Structures are given as structure tokens and as C-alpha cells.
Amino acid sequence: MNIVNALTYPKDKVNDLAFYDMLIKFVHIPFFLLIFGTGLLLLFAMVVPALIFFSPLMIMILAIINYLLMITSSMYGISAVVRLEQSGRIEKGKGLIYLVLHLAFVVDFLSAVSLYRRGFGESENKCLHIARRPLRIKLEYSNWGLCLC
């Protein structure tokens, strides 16, 4: 669903694509840390003879699931990069760098934040207000970074 939504998003909403790319990557950080911690536990559990063959298999399955999740969330950023290149707001070489960075762990988040900043410019601040009753969440991005208030 993420891939279809990212590819069929309205062409004039490139900044929204970059924002959602950054937001999804930000929200996925705890999940990636949990999977990494589970993989480390499985690695350390290999001292038990019964887990010598089970642990590497589980670690590979977790790594594949982790990478597939990263790729599906990167589709918003990849779509934004392609659209920014087509509109001339970003050079082809920088766009290629953004695309490659969106395919690797950790730097995909840094690339998403950088792409969002490039889409809005250095001096402009944007906010997304998400209203849910009774809780109101304000996610604000400024030159100082990302702030969840």
C-alpha cells in the first residue's frame, strides 16, 4: 500500500511526500532498534548448542523483514526525489545520491531529513497538526531539528 500511495500521490505535493518519508522513518526507529536488539540476543544465544542452527536462520529472517520495511518506507522519499528531479528543483547527481542513501540503513533517515529540508528551503518552517480527541499532537520541523510537542 505504501508503494502504491507513494507512486500515485498528486504530483504537486512533493513536499508532502518528503515530509511523510521523514515522519515514517522517524516512527520506525523504535521498531528497527527492537529488531536489532532481538538479533543481538539471538547471536549471543548461539552459545547454547540447540540454538546454533536456529539463531542464524532467525537473524536472516529478521534482517530480511527489516530491509523490506525500510524499502517500503523509502518509496515516499524515492518518489519525492524523482519528482524533484523532474521539476528541476534538484540536480541529477544529488538526486542519485539521495536514491542510493534511501537504500541503506541509518543513512536513509539522514537522507529523508535532508530531502525534507531541501524541499522546503533553509529558512521556512512547516508544521503538521494532527488532531485526535482528546489528544492533540503537534509535530514541528524547524532549522533546529524535529520536535514532537
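The structure under discussion appears in the preceding block.
In this report, the structure presented in the accompanying data block is examined.

Criteria and thresholds
Residues numbered from 1 in each chain as written. Predicted model: local features only at pLDDT ≥ 70, side-chain atom pairs only at ≥ 80, totals over all residues. Heavy atoms only, no water. Patch = residues over 30% accessible without salt bridge, like charges linked within 9 Å, V, L, I, M, F, W, Y side chains within 5 Å. Areas by Shrake-Rupley, 256 points an atom, 1.4 Å probe, with all protein chains shown as cover. Salt bridge = Lys/Arg side-chain N within 4 Å of Asp/Glu carboxyl O. Helix = DSSP H or I, 4+ residues; strand = E, 2+ residues; numbered from the N terminus. 1 Å grid on protein atoms, 1.4 Å probe; cavity = no way out; pocket = protein on both sides within 12 Å on 5 of 7 lines; lining within 4 Å. Points joined across faces, edges and corners; volume = space filled by probe spheres on them. Nonpolar A, V, L, I, M, F, W, Y, C, P; charged D, E, K, R; others polar. Buried < 20%, exposed > 50% of the residue type's maximum accessible area, 1.4 Å probe, protein only. Core = buried A, V, L, I, M, F, W, Y, C linked by side-chain atoms within 4.5 Å. Contact = heavy atoms within 4.5 Å.

Residues Tyr 67, Leu 103, Phe 105, Val 106 and Leu 110 make up a contiguous nonpolar surface patch of roughly 480 Å² in combined accessible area. The residue Tyr 67 is located in helix H3 (residues 54-87) in this model.

Attention shifts here to the layout of surface pockets. When its volume is computed, the largest pocket comes out at roughly 420 Å³. Lining the largest pocket are 17 residues, with Phe 32, Leu 33, Phe 36, Asn 66 and Phe 105 positioned closest to its centre. Counting residues per element, the ones that place at least two in the lining of the largest pocket are helix H2 (14-44), H3 and helix H5 (107-120). No other element matches the 9 residues that H2 contributes to the lining of the largest pocket. The class makeup of the residues in the lining of the largest pocket is 13 nonpolar, 2 polar and 2 charged.

Time to look at the pattern of salt bridges. Any two side chains of opposite charge can pair if their charged atoms end up close together. Summed over all chains, the structure comprises 2 salt bridges. Put simply, Lys 25 and Asp 108 hold a salt bridge, and the shortest N to O gap is 3.0 Å. Pair noted here: Lys 25 is in helix H2 and Asp 108 is in helix H5, with a separation of 83 residues, a long-range link. Among the residues examined, Lys 25 registers a relative accessible area of 3% and is labelled buried. Here Asp 108 falls in the buried class, since its relative accessible area comes to 5%. Two residues, Lys 94 and Glu 91, come together in a salt bridge whose shortest N-O distance is 3.5 Å. Overall, the relative accessible area of 45% leaves Glu 91 in the partly exposed class.

Quick look at the nonpolar core now. Ranked by internal contacts, the top residues of the largest apolar core, which has 20 residues, are Ala 80 and Leu 115. Contributions of two or more residues to this core are made by H2, H3 and H5. The leading source of residues in this core is H2, at 7 residues. Contacts of Leu 115, omitting those with residues within four sequence positions, involve Ala 18, Asp 21, Gly 77, Ala 80, Val 81, Leu 84, Tyr 98 and His 102.

Nothing here speaks to function; it is geometry throughout.
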